[in-house]
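Chain by chain, the residues run as shown.
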Amino acid sequence: MVLSAHHVLLIAASALAVAWAGGAAAQVDLASADTLHGVVDLRAAAADGEPSFTTYGFGKFRYGGGAGGDYDPKLQIALAALEWTPRLSWDWTAVVDAGHQPGQENWFDLYQAYLLFKPMPSGATRFRARIGYFYPPVSLENDAPVWGVTNMITPSAIDSWIGEEVKVGGLEATLSQDFGDQQLALTGALYGVDDTAGALLAYRGWSLDDLKSQAFGDFNLPPLSPFLSRLQQDQTYSNRRLDGRVGYYAMLEWRPPIPVSLQLFHYDNRADGTSETIDQQWAWATQFTEVGGSAQIDARTRLLAQGLEGDTRIGPKDAPLVWTSFESAYLLASHDLGADTLSARADVFETKDKAPQPPAPLGERGWAITAAWRHPLTQRLDLRVEAVHVASDRPSRLVAGEAPDQSQTMFQSSLRLTF
């Protein structure tokens, strides 16, 4: 089923119970300037090439080209979101993100809602846990409010997909330990909301966009072959629980005695691959492994790198209907010039058919280059300018009468208010 209202009510009730229990002995702050934050993003964009996947096309960007593939300019509020972070006690806080992004199914929807338990550290040992609806800690780019990106507009292909399909409802715990001047941290989680993760990668492939999945909304799919259109409707919901099975992920993070951080992450939703709803939403058996790291080269220069590979399928394990492997990697460099920041990123991505008798060509191979400039105007307002070029070869474009090999360029500017 779709993440239902009783899940959100349960989170809210838990938060109130903790606040009631801890309020007499601790500082409670449920509503103040310190607990309510927001982001408003005024976007001007123009992209050429094929129509965007948001309008049932094969385009890799949030915005697509106009008639004949010419540049199609857009001016809109690309994001208007609120983040509520009440303090319930010394150890307990909550995070609730909700917002509006044009073109999604619901005008306003929930992005995250969870309780965070973070007690005072005991010597060199630290512990934290969260319960609710949240993004797993995969992304190295999304470190801004409302799961945003700090210096660019568009995240990598990896983190674009995380934003679209990899969000869970469950319990996560992290234990970290200092060993002299280095630190090790182990994170584990059990969850039960994310059975449909994989549909976008199989049917559409990778994308580069800053759209976040809605708790109750869907994403459009490009044209499907006659066989696949009998399996899947032309939308996919990112937050469905179909088979009742519990998924898990685990992450190991190491911070050595130099300005470097390394992480190893494994995710498995343990879906059965065969459960299906009446509206043709499937429990995709999806697993992936990610490695990533960051390095502070000097006071002004930072590098990020991530690589991810996995596979997803529907149908029985010994006779899958659709079975797709996927992989992607990126390298990102950011350099401060006074108050400004210049960033550049290179992405590569690929998907492959693994089914013994693929019902349709679903594989692709591609790459992308992104360059961005961020200029703070005030403490709360900044201007970002970005150019992205992507090229990909996807045979399933033939279903829509398009050439398999396509390229697109998008130019964007973002006037972003954060409060």
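Keep in mind it's a predicted model, so treat the numbers as computed, not measured.

(A) Main features of the packing of aromatic side chains. Across all of its chains, the model carries 16 aromatic pairs by this definition. Summarising the aromatic geometry, the rings of Y71 and F411 are spaced 6.1 Å apart at their centres and angled 35° between planes, so their arrangement reads as tilted. Of this pair, Y71 sits in the loop between strand 1 (36-47) and strand 2 (72-84) while F411 sits in strand 18 (residues 405-418), and the two are 340 residues apart along the sequence. Looking at F411, the relative accessible area reads 44%, which means it is partly exposed. Ring geometry for F265 and F288: centres 5.9 Å apart, planes at 20°, overall stacked. Within this pair, whereas F265 is found in strand 11 (residues 260-268), its partner F288 is found in strand 12 (residues 285-296), the two being separated by 23 residues in sequence. For F265, a relative accessible area of 0% gives the class buried. Using a relative accessible area of 0% as the deciding quantity, one classes F288 as buried. By way of ring pairs, the aromatic residues W161, Y191, W206, Y249, F265, Y267, F288 and F326 are connected into one cluster. The cationic tip of R240 hangs over the ring face of Y237; the distance from NZ or CZ to the ring centre is 4.5 Å.

(B) Region of interest: the confidence of the model for the chain. In this model, the chain carries an average pLDDT of 93, and 93% of its residues clear a pLDDT of 70 or more. For the stretch residues 1-6, pLDDT sits under 50, and the model shows 16 contacts to residues farther than four places along the chain or on other chains.

(C) Geometry of the pattern of salt bridges. Counted according to the given criterion, the structure contains 18 salt bridges. R130 serves as the salt-bridge partner of E172, at 2.9 Å between the closest nitrogen and oxygen. Of this pair, E172 sits in strand 6 (residues 168-179) while R130 sits in strand 5 (residues 125-134), placing them 42 residues apart in sequence. Since its relative accessible area comes to 11%, R130 is described here as buried. Taking the shortest distance from any N to any O, the salt bridge between R345 and E141 comes out at 3.1 Å. Taken together, the positions of R345 in strand 15 (residues 340-353) and E141 in the loop between strand 5 and helix 2 (157-165) put the pair 204 residues apart, joining distant regions of the chain. Judged by relative accessible area, which is 2%, R345 ranks as buried.

(D) Here's a closer look at the nonpolar core. Core analysis: the biggest nonpolar cluster contains 42 residues, and W161, I162, W206, Y249, Y267 and F288 have the highest contact counts within it. Among the elements that make up this core, the one with the highest residue count is helix 2 (four residues). Excluding residues that lie within four positions of it along the chain, F288 makes contacts with W161, I162, V166, F265, H266, Y267, L308, E309, G310 and F326. Core analysis: the second largest hydrophobic core is formed by 16 residues, A199, A202, F219 and L362 among them.

(E) Inspection of unusual backbone geometry at higher detail. Positive phi is not limited to glycine here, since R270 has a value of about 55°. Tracing the chain through its elements places R270 in the loop between strand 11 and strand 12. The phi angle at Q280 is positive, at roughly 60°, despite the residue not being glycine. Relative to the helices and strands, Q280 resides in the loop between strand 11 and strand 12.

(F) Structural context of the environment of H37. Along the chain, H37 falls in strand 1. One polar contact links the side chain of H37 to the main-chain carbonyl oxygen of D34, over a distance of 3.0 Å.

(G) Geometry of the environment of A333. Mapped onto the elements of the fold, A333 is located in strand 14 (residues 322-337). Setting aside its immediate chain neighbours within four residues, A333 contacts R302, L303, L342, S343 and A344.

(H) A look at a nonpolar patch on the surface. On the surface, L30, L36, V40, L42, L75, I77, L82, W84, L377, L415, L417 and F419 cluster together into a nonpolar patch covering about 1000 Å² of accessible area. Taken together, the elements giving at least two residues each to the nonpolar patch come down to strand 1, strand 2 and strand 18. Per-element accounting of the nonpolar patch gives the leading share, four residues, to strand 2.

Rules and cut-offs
Residues numbered from 1 in each chain as written. Predicted model: local features only at pLDDT ≥ 70, side-chain atom pairs only at ≥ 80, totals over all residues. Heavy atoms only, no water. Phe/Tyr/Trp six-rings, centres within 6.5 Å; stacked < 30°, edge-to-face > 60°. Helix = DSSP H or I, 4+ residues; strand = E, 2+ residues; numbered from the N terminus. Buried < 20%, exposed > 50% of the residue type's maximum accessible area, 1.4 Å probe, protein only. Lys NZ or Arg CZ within 6 Å of the ring centre and 35° of its normal. pLDDT = per-residue confidence, 0-100. Contact = heavy atoms within 4.5 Å. Salt bridge = Lys/Arg side-chain N within 4 Å of Asp/Glu carboxyl O. Core = buried A, V, L, I, M, F, W, Y, C linked by side-chain atoms within 4.5 Å. Polar contact = N/O pair within 3.5 Å; in protein donor to acceptor, adjacent residues only side chain to side chain. Patch = residues over 30% accessible without salt bridge, like charges linked within 9 Å, V, L, I, M, F, W, Y side chains within 5 Å. Areas by Shrake-Rupley, 256 points an atom, 1.4 Å probe, with all protein chains shown as cover.

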